[in-house]
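Structure at a glance
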Amino acid sequence: MKILFTGGSSFTGYWFIRQLAAAGHEIVATFSAGGVEQYDELRARRVEKCLQACTPVWNCRFGDDRFLEVIAAQGDWDLLCHHGAYVKDYKSLDFDTLAAVRSNALNLQQVLQALQDKGSNRVLLTGSVFEQNEGAGSLPLHAFSPYGLSKGLTAQVFEYWCQHFEIDLSKFVIPNPFGPFEEKRFTAYLVNNWLAGNTPSVNTPDYVRDNIHVSLLARAYCNFAEEADDSHELRRLNPSGYTESQGEFAMRLAGEMRSRLDRPCELELATQVDFSEPLERINTDKSCLESIDWKESEAWDGLAEYYLASQKK
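What this report covers is the structure whose coordinates are included nearby. The structure displayed is predicted, hence computed values, not measured ones.

Attention shifts here to the packing of helix α3 (residues 65–74) against helix α5 (residues 108–117). At a closest axis distance of 9 Å, the pairing of α3 and α5 adopts a crossing angle of 10°. In this view, α3 runs roughly parallel relative to α5, as classed from their interaxial angle. Listed contacts from α5 to Phe67, Leu68 and Ile71 of α3 are Gln110, Val111, Ala114 and Leu115. Here the residues of the contact of α3 with α5 are counted per class, giving six nonpolar, one polar and no charged.

Below, the structure written as structure tokens:
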């Protein structure tokens, strides 16, 4: 397929582009920056690796004039993968939800019309298990945050206009991915502390979440992207990995890393006092992963090798 992809500088975006290219697809990826040098160190490393698997278009955001020009000039798109999203201050309650929706769906009608004019009729939108009414778990299924709310509203806007233009819309819902090149989140916090000889504390061990190897998630994304459907109804996939408490996942990670890092990988599970988030939120589809040719042990090996190599830099 010939694919137009947004959001390639992100952790999952890099892995998705890599997997799509490995499957033989031609990827044109848009980047909001003017070049690799404009990104911070980790993001720049991801973008540099992306360039081995895609043709970049710099200074280009979803829906802007340059984006519309790319659709019109290059044409014959088999699929638009809209993975990018507005993320400024995404962890804050001051996150601007409406600005995010405007950015995520900028000039959406013109984009869909431009695709239609070129005979293209497929869009794949990335969603999050932390949106309102996604996944399963503690009821009601409220959005986790203003950022999660923006993702859910973005999906509703896309669903409305794709139906209007008779564009086939698919939604790929991401749980908690982890792996090489991720930001300094939970897994990175644990592994980096072990490598430094520290005993990290898990402050929210009771939360039940859905952690998944990013390499497995990327394969599920690629398979989903390759599935065509002309029903004009919203099609979604909610791939699910390790559905367990964060304390259990931390112990799973420690068990896998202990011999690979040659460290004791000790943990402290604190008594959780902060329950400001829903106790449980997980994805629901494990069957989509059963037929994927993927080796779990190799994914754990790759994770350990990445952090050991990062430590030497």
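From this point, things continue past the structure.
With that settled, consider the pattern of salt bridges. Counting across every chain of the model gives 11 salt bridges. The partner of Arg43 in a salt bridge is Glu183, and the shortest N-O contact between them spans 3.9 Å. Of this pair, Arg43 sits in helix α2 (residues 41–50) while Glu183 sits in the loop between β8 (176–178) and α7 (186–195); the two residues are 140 residues apart in sequence, bridging distant segments of the chain. Looking at Arg43, the relative accessible area reads 24%, which means it is partly exposed. The shortest N-O distance in the salt bridge between Glu183 and Arg46 comes to 2.7 Å. Here Glu183 is found in the loop between β8 and α7, whereas its partner Arg46 is found in helix α2, with 137 residues between them in sequence. According to the relative accessible area criterion, Arg46 is buried, its value standing at 0%.

Looking now at the environment of Val214. On the secondary structure map, Val214 appears in helix α8 (residues 214–226). For the pair formed by Val214 and Ser287, sequence separation is 73 residues and the distance between their alpha carbons is 17 Å. Setting aside chain neighbours within four positions, we find Val214 in contact with Phe11, Thr12, Trp15, Pro177, Phe178 and Gly179.

Cut-off values and rules
- Residues numbered from 1 in each chain as written.
- Predicted model: local features only at pLDDT ≥ 70, side-chain atom pairs only at ≥ 80, totals over all residues.
- Heavy atoms only, no water.
- Axes fitted to C-alpha atoms, helices over the stretch in contact; angles between N-to-C directions.
- Helix = DSSP H or I, 4+ residues; strand = E, 2+ residues; numbered from the N terminus.
- Parallel < 35°, antiparallel > 145°, perpendicular 65-115°, else oblique.
- Contact = heavy atoms within 4.5 Å.
- Nonpolar A, V, L, I, M, F, W, Y, C, P; charged D, E, K, R; others polar.
- Salt bridge = Lys/Arg side-chain N within 4 Å of Asp/Glu carboxyl O.
- Buried < 20%, exposed > 50% of the residue type's maximum accessible area, 1.4 Å probe, protein only.

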